[in-house]
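# Structural characterization, general
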Amino acid sequence: MAGFQLHPRLAEDCIVLGRFELSLVLLMNDSRYTWCILVPQRDGIREIHELSETDQQQLLRESSLLSRLMSEHFQAEKMNLGALGNIVPQLHLHHIARHSDDPAWPGPVWGHSSATPYSDRQMKQRLSEFHTLLQAHLTLN
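Notes on the structure in this doc start here. All of these numbers come straight from a predicted model, not from anything done at the bench.

Another point: helix α3 (residues 120-134). For α3, spanning 15 residues, the distance from its first C-alpha to its last is 21 Å, which sits close to the expected 21 Å at 1.5 Å a residue. Every buried residue belonging to α3 is among Met123, Arg126, Phe130, Leu133 and Leu134, and all of these are buried. End-on, the buried residues of α3 take up no more than an arc of 95°, which puts them together on one face. Opposite its buried face, α3 presents the exposed residues Asp120, Arg121, Lys124 and Thr132, each directed more than 90 degrees away. Elements that come into contact with the buried residues of α3 comprise β1 (14-19), β2 (23-28), β3 (34-40) and α2 (53-73).

The following block contains the structure:
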């Protein structure tokens, strides 16, 4: 992890929930969606194919675990995953639990409208929920 720094935009838009073996686990500060982001803690990586084969496999394991836990716990109708990187070049993988009553359904969440940050009460509740959900798998912050 030497040399790794979280991109300032991700640091501004998200809260660090903890760490998997490879990735930081972030919560997007947008109360309209249940939205986490995995960021492999490797310096200078922009694309999945730039990771070592071992890290690619670990990222897939972490992504699959996060997707399954989020899907089950939040009763997602669909899990949206994306690694766009058009604004933030640092490799990061979005995990969004989608529901047919969310504001952007059935379209993508990106560019739909401005984020609605969690209130202090909502954030406290969401952090508690994720810490309970992920405690067996994360080094928690």
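Counted according to the given criterion, the structure contains six salt bridges. Among the ionic pairs, Asp13 bridges to Arg9, the shortest N-O distance being 2.9 Å. One end of the pair is Asp13 and the other is Arg9, both in helix α1 (residues 8-13) and four residues apart, which spans about a single turn. Between Glu72 and Arg68 there is a salt bridge, and its shortest N-O distance comes to 3.8 Å. Here Glu72 pairs with Arg68, and both are found in helix α2, just four residues apart, close to one helical turn. Residue classification places Arg68 among the partly exposed positions, given a relative accessible area of 42%.

Here we come to the packing of aromatic side chains. Where two aromatic rings form a pair, the distance of their centres and the angle of their planes describe that pair. If you walk through the whole model with that rule in mind, you get three aromatic pairs. Note on Tyr33 and Trp35: the rings are 6.0 Å apart at their centroids and 75° apart in plane angle, and the pair reads as edge-to-face. The buried category is assigned to Tyr33, whose relative accessible area is 2%. On the accessibility criterion, Trp35 (6% relative accessible area) is buried. Ring centres of Phe74 and Phe130 lie 5.3 Å apart, and the angle between their planes is 40°; this geometry places the pair in the tilted category. Of the two residues, Phe74 is situated in the loop between α2 and β4 (78-82) and Phe130 in helix α3; the sequence distance between them amounts to 56 residues. Its relative accessible area of 11% is what places Phe74 among the buried residues.

About the criteria used
Residues numbered from 1 in each chain as written. Predicted model: local features only at pLDDT ≥ 70, side-chain atom pairs only at ≥ 80, totals over all residues. Heavy atoms only, no water. Helix = DSSP H or I, 4+ residues; strand = E, 2+ residues; numbered from the N terminus. Expected span 1.5 Å × (residues − 1). Buried < 20%, exposed > 50% of the residue type's maximum accessible area, 1.4 Å probe, protein only. Arc of directions from axis to C-beta. Contact = heavy atoms within 4.5 Å. Salt bridge = Lys/Arg side-chain N within 4 Å of Asp/Glu carboxyl O. Phe/Tyr/Trp six-rings, centres within 6.5 Å; stacked < 30°, edge-to-face > 60°.

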